[in-house]
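Now for the letters of each chain:
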Amino acid sequence: MEKFLDFIVRAGSLDRRYIFVVIALVVMLPLFFPLNLPIRPTVSSQTIYDTVEKLESGDKALVSFEYGPSTKPEIHPMAIALLRHLFEKDVKVYITCLWPDGQFMAMEAIQQVAVNQYQKVYGEDYVLLGFRPGNEAVIKGLVSNFRKVYTVDAQGNFLDDIPMMNGINKVADFDYLFSASAGYPGTVEWVQYAADPTGVTMGTGTTSIQVNEVMPYVQAGQIKGILGGMPGAAEYEKLIGQPGIGTSGMDAQSVAHIVIVGFIIFGNISFFVERRRSKKY
Amino acid sequence: MFMKRQLPIAIAAIIGFLTLFGWFVDEPNIKSFVDDDATQWFDILASFAIFLGALNLLKLQALKIIKKQKGWPYAALAIVGFTFSFTAGFILLGSYNVEISQYDDPAKVATVLASEINLDEKSAENILIAMPEGDTYTIDTPYFTKSGADDVVEKINAAGGTANMRATEWGSHISTRGSLFNWMFRFIFTPLSATMFALLAFFVASASYRAFKIRNFEATLLLISGIIIMLGRVPIGGNISSWFIMYIIVLSLSAGVNTWFKNRKYTLASVIGGILIVTIAGMITGWPVDQPAIFYLPVLQDWIYNVPNVAGARAIMIGIGLGIFATSIRYILGIEKSYIGE
Amino acid sequence: MKDKQFWSVAGIIFVLFMIYWVAGHPYFVSERSVMFWSILIVGGVLIYSTRMAKRGEKIFLRTIPGLKAVEEAVGRSTEMGKPVLYVPGIMDMDQVETVAGVVVLGHVAKMTARYETSLNVPVSRAIVMKAARESCRESYLLEGRPDLFHNDMVHYLTDDQFAYAAGVNGIMLREEPAACLYMGKFYAESLLLAETGNSIGAIQIAGTASPSQIPFFVTACDYTLIGEEFFAASAYLSQEPELIGGVKGQDTLKIMAVAVMLLATLFNFFHDLNMISWDVLGFLTVQ
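Residues numbered from 1 in each chain as written. Chains lettered and ligands numbered in written order. Predicted model: local features only at pLDDT ≥ 70, side-chain atom pairs only at ≥ 80, totals over all residues. Heavy atoms only, no water.

Draft legend 1. Region of interest: the overall build of chain A. Counting its regular elements, chain A contains eleven helices and six strands. The proportion of buried residues among the 281 residues of chain A is 60%. Pairs at least 24 residues apart make up 74% of the contacts formed inside chain A by residues separated by at least 6 positions. For chain A, the centre of its 24 positive side-chain charges and the centre of its 28 negative side-chain charges are spaced 11 Å apart. (Helix = DSSP H or I, 4+ residues; strand = E, 2+ residues; numbered from the N terminus. Buried < 20%, exposed > 50% of the residue type's maximum accessible area, 1.4 Å probe, protein only. Contact = heavy atoms within 4.5 Å. Lys, Arg positive; Asp, Glu negative; His and termini not counted. Charge placed at Lys NZ, Arg CZ, Asp CG, Glu CD.)

As structure tokens, then:
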């Protein structure tokens, strides 16, 4: 028994590299041997889905890409899922980017969903307006005068020559606004300067870490729903019936969380044993 | 002295007051300045200031290499990376397209085309045949070098087709799919960024293992809520029955009884009694996974997220907002001058 | 500003404003009056607290362990002969937190100058580099040690978030600073920095107003300044009466904000019961 307790105390100050190896294994293995755990959509994800479901064919949705390669695993799946949902409903999609990296992410999403999957027509069903520098100044500009900020799209076409840009002069002309955001500028700036002042319905998808910051706006009703990180993406994929990377990542995330909890419990057991011993001696 | 002391403070005060009170003024020029120009001035300044930073970086890395200081190979790598991305963005266009407008014999041209677009010859031939009259077919992936594109143009022309090379416009070459810059972004920058972000998963595990110890009441609360959120947020949490949680609660309470009363009989009674109550309740209700909801992890997680978490977040946000306002007022009024070095 | 000067200027501004208001306040966005008066009240409270402190009023500041530990951390670095690493966040000078970080850097630089400890400040933005350099230069000059200052102690790495984190981690692993201070605006890289700092055995003090990063710093660092404690750092470290008065003003404002919230809740309750017609939420909502 003493030897066992000795082992527990020693393991309490385990070299972090062993922890890294275990985490690497538990994340990798479910990717090769999927568990297919059932996914339960939360109220926040359901709200976004319901809001988009209410949109009709021909409605206009402004989707803003504010994430880069580092947060792509979390946010790209939800952006893809949302685009799928919007294109299923024949909603016209207008894509802006407040991050320079966001334009690359948007191009990939468009290629995968609009071009390869739904064969949508550029300029009639969707348009990539591209990145503009200026952070919240861009949002303020879009709210007051869309065409002051964007005179051409990402491909250099004049907005006046793009059929679906007819009638679009400010943010209030849109029926829905979605921000796929990983930081600043992002969701908070969109809700403060665009959605709340204009009353345009807004949804958002953020990294799991950011959900904390955005929840007060969701609770206040200024944002209708939030997709939080990869779980949020998986939930939305389940709701639209098209599983993707979000869903496949949930097995790995589930097992990783269980292992982390296991480590925490083990660490506490070691802590208690050590404390009892130091009291004893 | 005036330039280093009074002038910066005067500029901060004037611009600060203008931006603060400009929001209340319904005058187009002021509104335009406050809403658009003020932040754009800053962006323009910051964009030019990048040269200072870049030169500083290059200077330090070069000195490290010259003096062969510890870690100088990394400095060499930094300079190589900097030079490569600078070149791909500003010097080399890296995006040359090949357009085919005509062909005499589609089969011959398809032989060349197939090798360029990684398809079999038949599929390449079908693409050419499907090309409408008067239209051009552009090979999807642009070529990094002009000579590379010219080579392909020559081969197609030799095979009886008419092809020409079209360089992507400067500016668009950054975002054109397949260009040198885009290749660098997709295959070097993206994996590196994703790797760094992925490190967080490992660091979260090691930080949790080290820090989540039951040292006091607050730490215990942090630990329990952390576990509930971690498990409730993922699908596996939905598969953990609330009855399992109830058994854990019974055992934890019994541990508490043991610590408090230090009496084996009481402890045994609480364990057996608790287990019996939970088991009988479970048998009566049929062991539903998500009932009672108060012990179901996803429901608990939702509640923690939406109630205490948001309450705390709101309070911190309000405090931070006040702090930001107070700090900003200090800068605008010139009370705080440390940022200019005083 | 002396009392007489202050009241003269305040009086002139007040008279001019009253003339403007009585004249029909042209160009003024009337829907935002509540916000305007709120700003004046908040500003007035802060100015009042600052002036009272300058007059010699004794103000109690509770001990903030993280700020007390800054000097210990620098001392520890001196004893071990290792540098102090200071990270002023990853955002630019348009963020108040970054400016606050540069201000705290000035105080830390005074300590490193005094103890002759080397200071390493990798930055993520070129403008921050210039501002931080000026701040450090002044601090070293004030401590009478301009010879110890060199431009390269504040150096630019990269604008990109994770490339910056990788660079700072590399510095930590190579130079092994004894103290790591993270003061500014951070995002996801906060845990990367804090864990790496922990792995090299450095004492870590963090200060940020980014709500989502505070938990990571609390978990991984020895001391964390949460939210306003970070903004109060400058007052705490300098002990200047004006700044301490500002901190007191902030606390007064918080009490006022709580009172407004409670009153608004009460009035809204009565409004919902149709006992009063005044819609307090509509009144307080920013247009």
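Draft legend 2. The arrangement of the overall build of chain B in detail. When helices and strands are counted, chain B shows 13 helices and three strands. For 342 residues, the compact-globule estimate of 2.2 N^0.38 gives 20 Å, and chain B exceeds it by more than 25% at 34 Å. Reported as C-alpha extents along the three principal axes, the dimensions of chain B are approximately 95 × 75 × 60 Å. Looking at chain B as a whole, 38% of its 342 residues qualify as buried. In chain B, 67% of the contacts between residues at least 6 apart in sequence involve partners at least 24 apart. Carbon and sulfur atoms provide 70% of the accessible area of chain B, an area that totals close to 18800 Å². (Rg over C-alpha atoms; globule rule 2.2 N^0.38 Å. Areas by Shrake-Rupley, 256 points an atom, 1.4 Å probe, with all protein chains shown as cover.)

Draft legend 3. The arrangement of the packing of helix H3 (residues 65–80) of chain C against helix H4 (residues 96–115) of chain C in detail. All names here are of chain C. Two numbers describe how H3 lies on H4: the axes approach to 10 Å, and their chain directions differ by 35°. In the packing of H3 onto H4, the handedness of the crossing is right-handed. Counting all contacts with H3, which are made through Val-70, Glu-71, Val-74 and Thr-78, the residues of H4 involved are Val-108, Met-111, Thr-112, Arg-114 and Tyr-115. (Axes fitted to C-alpha atoms, helices over the stretch in contact; angles between N-to-C directions. Left-handed = near helix turned anticlockwise from the far one by under 90°.)

Draft legend 4. Representation of the interface of chain A and chain C. Listed by partner, the interface residues are six residues for chain A and twelve residues for chain C. Both sides of the chain A and chain C interface together cover about 840 Å² of buried area, and 58% of this is carbon and sulfur. It is A:Arg16, A:Tyr184 and A:Ile209 in chain A that bury the most area against chain C; as a group they hold 57% of the surface buried on that side. For C:Glu195, the salt bridge goes to A:Arg16, with nearest N and O atoms at 3.4 Å. Here chain A is connected to chain C by two residue pairs in polar contact (both at pLDDT 80 or more). (Buried area = accessible area lost by both parts, 1.4 Å probe. Salt bridge = Lys/Arg side-chain N within 4 Å of Asp/Glu carboxyl O. Polar contact = N/O pair within 3.5 Å; in protein donor to acceptor, adjacent residues only side chain to side chain.)

Draft legend 5. Quick look at the interface of chain B and chain C. At the junction of the two partners, chain B supplies 61 residues and chain C supplies 66 residues. Summing both partners gives a buried area of about 5300 Å² for chain B against chain C, and 72% of it is carried by carbon and sulfur. Taken as a group, B:Trp23, B:Phe24 and B:Met196 account for 12% of the area that chain B buries against chain C, more than any other trio of residues on that side. The tally of links from chain B across to chain C stands at two salt bridges. Residues C:Glu195 and B:Arg210 are paired through a salt bridge, measuring 2.9 Å at the closest nitrogen-oxygen approach. The interface formed by chain B and chain C holds eleven residue pairs in polar contact (both at pLDDT 80 or more) in total. For the side of chain B that touches chain C, the secondary-structure elements that each account for two or more residues are helix H1 (6–21), helix H2 (28–66), helix H8 (180–211) and helix H13 (297–332) of chain B. Among the elements that take part in the side of chain B that touches chain C, H13(B) stands out by supplying 15 residues, more than any other. Looking at the side of chain B that touches chain C residue by residue, the class counts come to 39 nonpolar, eleven polar and eleven charged. (Nonpolar A, V, L, I, M, F, W, Y, C, P; charged D, E, K, R; others polar.)

Draft legend 6. Looking closely at the pairing of strand E1 (residues 84–87) of chain C. Residues and elements named next belong to chain C. Burial along E1 is two-sided: Val-84 and Tyr-86 facing one way and Leu-85 and Val-87 facing the other are all buried. Taken together, E1, H4 and strand E2 (residues 119–123) constitute a β-α-β crossover, and its handedness is right-handed. Relative to strand E4 (residues 179–183), E1 runs parallel, the two being bridged by four bridges. From the neighbouring strand, Tyr-86 faces E4, where its bridge partner is Leu-181. (Right-handed = clockwise from strand over helix to strand, strands pointing away. Pairing = 2+ DSSP bridges.)

Draft legend 7. Seen up close, the sheet that holds E1(C). All names here are of chain C. A sheet is described by the order of its strands in space; here six strands give the open sequence E3-E2-E1-E4-E5-E6, paired in parallel fashion. Two strands bound the open sheet, and with one partner strand each, they are strand E3 (154–156) and strand E6 (223–226). For this sheet the average axis-to-axis angle between neighbouring strands, irrespective of direction, equals 15°. In this sheet, strand E5 (residues 203–208) lies alongside E4 in parallel orientation, the contact comprising five bridges.

Draft legend 8. Examining the environment of C:Leu40 more closely. All names here are of chain C. With respect to the helices and strands, Leu-40 occurs in helix H2 (residues 33–54). Of the residues examined, Leu-40 reaches a relative accessible area of 34% and is grouped as partly exposed. Between the C-alpha atom of Leu-40 and that of Pro-26, which follows or precedes it by 14 residues, the distance is 19 Å.

Draft legend 9. H8(B), seen in detail. Here H8(B) contains 32 residues, and its C-alpha end-to-end distance of 45 Å stays within 8% of the 46 Å for a straight helix at 1.5 Å per residue. Along its length, H8(B) reaches its greatest deviation from straightness, about 35°, at B:Phe189, and the proline B:Pro191 lies no more than four positions downstream. (Expected span 1.5 Å × (residues − 1). Bend = angle between axes of the 7 residues up to and from the residue.)

Draft legend 10. Up close: a nonpolar patch on the surface. Side chains of A:Val21, A:Leu25, A:Met28, A:Leu29, A:Leu31, A:Phe32 and A:Phe33 sit close together on the surface and give an oily, nonpolar patch of about 750 Å² of accessible area. Assignment of secondary structure puts A:Phe33 in the loop between helix H2 (16–32) and helix H3 (43–53). (Patch = residues over 30% accessible without salt bridge, like charges linked within 9 Å, V, L, I, M, F, W, Y side chains within 5 Å.)

Draft legend 11. Seen up close, the pairing of strand E3 (residues 126–131) of chain A. Residues and elements named next belong to chain A. Among the six residues in E3, five count as buried, and that is most of the element. Where strand E2 (residues 92–97) lies against E3, five bridges are found, and the strand directions are parallel. Bridge pairing links Ile-95 to Leu-128 in E3. Taken together, E2, helix H5 (residues 100–117) and E3 form a β-α-β motif whose crossover is right-handed.

Draft legend 12. Here's a closer look at the packing of aromatic side chains. As enumerated under the stated definition, the model contains 44 aromatic pairs over all chains in all. Ring centres 6.3 Å apart and planes at 10° place the aromatic pair B:Phe24 and C:Phe28 in the stacked group. Of this pair, B:Phe24 sits in the loop between H1 and H2 while C:Phe28 sits in the loop between helix H1 (3–22) and H2, which puts the two residues in different chains. Aromatic ring contacts, followed pair by pair, group B:Phe17, B:Phe21, B:Trp23, B:Phe24, C:Phe17, C:Tyr20, C:Trp21, C:Phe28, C:Phe36 and C:Trp37 into a single cluster. Between B:Arg233 and the ring centre of B:Tyr305, over which it is positioned, the NZ or CZ distance is 5.8 Å. The cationic tip of C:Arg32 hangs over the ring face of B:Trp23; the distance from NZ or CZ to the ring centre is 4.1 Å. (Phe/Tyr/Trp six-rings, centres within 6.5 Å; stacked < 30°, edge-to-face > 60°. Lys NZ or Arg CZ within 6 Å of the ring centre and 35° of its normal.)

Draft legend 13. Spatial organisation of the confidence of the model for chain B. Per-residue confidence for chain B averages 88 on the pLDDT scale, and 99% of its residues sit at or above 70. Here the predicted complex carries an ipTM of 0.84, next to a pTM of 0.88. (pLDDT = per-residue confidence, 0-100.)

Draft legend 14. Structural detail: the sheet that holds strand E1 (residues 60–66) of chain A. Residues and elements named next belong to chain A. The strand order E3-E2-E1-E4-E5-E6 describes an open sheet built from six strands, whose pairing is parallel. Two strands close off the open sheet at either side, each with one partner strand: E3 and strand E6 (226–228). Taking the axes of each pair of neighbouring strands and ignoring which way they run, one obtains an average angle of 15° across the sheet. Across six bridges, E1 lies against E2 in parallel orientation. Paired with Phe-65 across the bridge in E2 is Cys-97. On the sheet, H5 packs against E1, E2 and E3 and is oriented at approximately 165° with respect to E3. Packed on one face of the sheet, helix H9 (residues 211–219) meets strand E5 (202–206) and E6 and runs near 165° to E6.

Draft legend 15. Quick peek at unusual backbone geometry. Note that the residue after A:Tyr184, namely A:Pro185, is joined by a cis bond; omega there is -15°. Looking at the element boundaries, A:Pro185 is found in the loop between strand E4 (176–181) and helix H8 (187–198). The peptide bond linking B:Gln291 to B:Pro292 adopts the cis configuration, its omega dihedral lying at -5°. For B:Pro292, the position within the fold is in the loop between helix H12 (264–285) and H13. Of note, B:Lys68 is a non-glycine position whose phi angle comes to about 50°, a positive value.

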